[in-house]
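What the coordinates show
Listed below are the residues making up each chain.
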Amino acid sequence: MRGFGHLTLILLCLLFFALLPYLPLGIWRDFLLDVGFFVLLFTALALSWDLVARTGQLSLAHGAFFGLGAYGAGLLAPQVGTLPALFLGALGAGAGALVLGWITLRLHGLYFAMASLAFSEVLRTIALKLPFTGGPIGLPVPPPFGGSWPLAAYYLSFSVLFLATALSLWAERSPFRLAQAATRQSEAVARVLGVQVVRVKLWSLLLGSLVAGLAGGVYGMKTLFLSPYDAFSLGRAVEALVIPIFGGLYTTLGPLMGGVVLVSLEHALRLWIKEGYLVVYGAILILVILFLPRGLVGILGRRRG
Amino acid sequence: MELLLQTLLNGLLLSGVYALVATGLALSLGVVGIVNFAHGEFLMMGAFLSYLLFAFRGLDPLLSLGLAFLAAFLVGGLTYQGLIRPVLKAPELNQMLLTFGLAILLQNLALLLFGADTRVVAPPYQATTLALGPFFLGAVPLGAFLLSLATLLLLQVFLSRSRLGLAMRAVAQNRQAPGLLGIEAERVYLLAFGLAAALAGVAGVMLSVMLYASPTVGFAFTLKSFAIVALAGLGNLKGVVPAAFVLALAEALVSTYLPGGGGLVEAVFFLVLFLALVGRAWREA
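So, here is what we can say about the structure in this document. (Residues numbered from 1 in each chain as written. Chains lettered and ligands numbered in written order. Predicted model: local features only at pLDDT ≥ 70, side-chain atom pairs only at ≥ 80, totals over all residues. Heavy atoms only, no water.)

1. A short note on the interface of chain B and chain A
Definition in use: Residues are treated as being in contact if the distance between any of their heavy atoms lies within 4.5 Å. As a working definition, buried area equals the accessible area (1.4 Å probe) given up by two parts on being put together, with both sides summed. The salt bridge definition used is simple: a Lys or Arg side-chain nitrogen within 4 Å of an Asp or Glu carboxyl oxygen. Polar contacts here mean pairs of N or O atoms no more than 3.5 Å apart (in protein, one a potential hydrogen donor and the other a potential acceptor; neighbouring residues in sequence count only if both atoms are side-chain atoms). A run of H or I in DSSP becomes a helix once it reaches four residues, and a run of E becomes a strand once it reaches two; helices and strands are each numbered from the N terminus. Only Asp, Glu, Lys and Arg are considered charged in this grouping, and only Ala, Val, Leu, Ile, Met, Phe, Trp, Tyr, Cys and Pro are considered nonpolar; every other residue, Gly among them, is considered polar.
Chain B puts 42 residues into the contact, and the matching count from chain A is 37 residues. When the two sides are added together, the surface that chain B and chain A hide from each other amounts to roughly 3,600 Å², 85% of it contributed by carbon and sulfur. Taken together, the links from chain B to chain A amount to zero salt bridges. Counting across the chain B and chain A interface gives zero residue pairs in polar contact (both at pLDDT 80 or more). Of all the elements in the fold, those that place two or more residues in the side of chain B that touches chain A are helix 3 (61–84), helix 4 (92–114), helix 9 (217–232) and helix 11 (265–284) of chain B. When residues of the side of chain B that touches chain A are assigned to their parent elements, the largest contribution, 14 residues, is made by helix 4 of chain B. Residue composition of the side of chain B that touches chain A, by class: 32 nonpolar, seven polar and three charged.

Right, here's the structure in full:
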């Protein structure tokens with residue numbers, strides 16, 4: 001059985017993050033918990049992107065799902081409370097995914113990537129123009145649970161990652177994995193083998209978007225402020241795809257390791273070289289594709305085709 | 001009526017540069033088979049080259065055109081040799097991510113070097129307008145339009161008359177047969193990728209006068225070029241010009257007629273792209 005080592009590592013990683021607030025961190029505690037929050041959140045986003053990539057679709061719409069979830073939760077939180085708002089925001093992202101998927105999942109490769117990008121850009125413009133989103137000025141978001149518990153955002157973020165990991169592990173270990181892999185490797189062959197290609201792609205996109213929407217909702221509750229340029233930015237989609245590539249595509253451990261390393265690195269780089277950190281990001285992406293096409297997980301030496 | 005005609009005219013003039021950039025993208029897509037997300041960054045480099053030459057040497061952008069062509073050709077060739085050739089046989093996703101990484105790298109490098117300000121190249125003739133009956137034509141957009149058309153015509157002649165051009169079209173049509181006939185596909189790829197970058201570089205110089213040079217201008221043009229190429233259909237070089245015209249026109253109409261249209265211009269572009277792709281999906285299904 002492949003991946004016992006993987007599972008152990010994943011569980012250790014989750015355990016570490018669950019206990020992080022209770023470790024003796026000294027004066028660095030607040031900073032480290034902030035970094036930990038973003039590590040958890042963007043790793044969850046990366047896992048949700050990988051879930052879609054496993055069907056061979058390059059989604060550039062994850063920024064849009066993230067934004068839909070963020071705005072949905074941000075707008076609803078004052079009325080319905082934190083958890084229902086997050087839930088509804090995720091449903092909003094899921095609805096967006098269904099619309100996008102229903103009309104575009106017959107497209108392949110570049111065409112789907114472009115359609116998802118176009119979807120994302122159009123949604124951002126709409127968010128800028130709608131009367132109730134605050135437009136370019138932005139939308140203030142209340143902290144989770146009325147701000148009564150300082151660690152709330154951190155543990156919400158942890159829960160999103162937990163959910164994303166569980167979903168990813170399920171997809172990795174169930175027959176769904178075979179359907180996804182067949183769809184990715186050759187749609188025509190998959191069809192002949194009786195895989196309902198469009199349905200598999202649609203399910204993957206829906207599950208991915210729900211997690212991305214949740215992540216967006218939690219993001220807004222941490223930053224307490226949303227703007228369309230931030231929430232719907234293409235940068236989100238880029239981050240969501242760089243992490244799995246770096247860690248190792250089509251696995252659960254890959255995005256997890258990639259997220260921990262890259263997001264921590266990003267925050268460290270921000271401290272050291274301020275704005276230029278994206279240069280390093282781009283360079284990492286190029287170098288990894290050229291020299292480490294299987295990502296960090298490839299170094300561990302366990303890999304299926 | 002006059003407003004409508006003026007709008008149509010503006011759209012027409014804009015479409016030349018769009019067609020030029022998109023033709024470059026279509027070349028790298030059709031001949032080399034690579035989805036190049038960094039295409040617009042060659043344009044950005046051309047724009048900054050023009051700006052630097054103008055600011056420090058006082059060089060007229062018209063003269064920068066040739067230099068930008070050569071420089072972008074060189075950069076494109078180096079990019080092909082160093083980055084694209086190793087991943088030619090890799091999965092499409094890896095290729096896309098590689099060029100995406102290159103785009104992020106170049107864009108942010110420019111941001112570090114030049115800052116986020118927009119820089120305009122302002123030669124003495126920049127604000128000149130020609131009156132044509134009741135209509136006004138900017139000298140610069142008109143010049144850029146004519147130059148773009150001339151460049152595209154030259155390219156057409158090259159592709160249909162010269163041996164290398166024919167080899168390029170042959171490789172675009174079939175990956176293996178030209179090899180059997182003694183055409184070295186690798187050389188053709190190199191040439192096509194360099195040429196694609198050079199077209200974008202030239203367009204960048206024009207843009208530095210028409211619009212501005214900025215680190216992010218390239219990516220916007222990458223996206224617009226993809227929209228145009230997707231609308232024209234992959235590998236269809238001749239379809240690029242009408243597709244560019246349709247999109248430029250949609251843009252011009254929206255910015256003239258919709259209140260607050262300025263912010264909607266980009267959305268229109270993507271809406272047209274989205275509809276074109278959806279149309280394609282349902283036609284095929």
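2. A short note on the side chain of A:Thr82
Residue and element names in this part refer to chain A. Inspection of the secondary structure assignment puts threonine 82 in helix 4 (residues 82–104). A distance of 2.7 Å separates a polar atom in the side chain of threonine 82 from the backbone nitrogen of phenylalanine 145. Setting aside residues up to four positions removed in sequence, threonine 82 forms contacts with Pro144, Phe145, Leu156 and Met221.

3. Topic: the packing of helix 1 (residues 2–32) of chain B against helix 8 (residues 185–210) of chain B
Residues and elements named next belong to chain B. To keep it simple, the criterion reads: Only the stretch in contact is used when fitting a helix axis, every axis being a line fitted to C-alpha atoms; angles between N-to-C directions are given from 0 to 180 degrees. Our angle categories are set so that under 35 degrees counts as roughly parallel, over 145 as roughly antiparallel, 65 to 115 as roughly perpendicular, and the remainder as oblique. Helix crossings are classified by the rotation of the near helix relative to the far one: an anticlockwise turn of less than a right angle makes the crossing left-handed, while a clockwise turn makes it right-handed.
Here helix 1 crosses helix 8 at 165°, and the two axes come no closer than 9 Å. For the element pair helix 1 / helix 8, the angle class is roughly antiparallel. Crossing hand, helix 1 versus helix 8: left-handed. Touching Leu14, Val17, Leu20, Val21, Thr23, Gly24, Leu27, Ser28, Val31 and Val32 of helix 1 are Val188, Tyr189, Ala192, Phe193, Leu195, Ala196, Leu199, Val202, Ala203, Met206, Leu207 and Met210, all from helix 8. Looking at the contact of helix 1 with helix 8, its residues break down into 19 nonpolar, three polar and no charged.

4. Brief notes about unusual backbone geometry
All names here are of chain A. Rules: Note on exposure labels: buried denotes an accessible area under 20% of the residue type's maximum, exposed denotes more than 50%, and partly exposed covers the range between, all computed with a 1.4 Å probe on protein chains only.
Positive phi, normally seen in glycine, also occurs at phenylalanine 145, with a value near 55°. Along the chain, phenylalanine 145 turns up in the loop between strand 1 (139–140) and helix 6 (152–173). Residue classification places phenylalanine 145 among the partly exposed residues on the basis of a relative accessible area of 37%. Even without glycine at this site, tyrosine 250 takes up a positive phi of about 60°. The exposure class assigned to tyrosine 250 is buried, which follows from its relative accessible area of 13%.

Distances and angles like these do not, on their own, reveal function.
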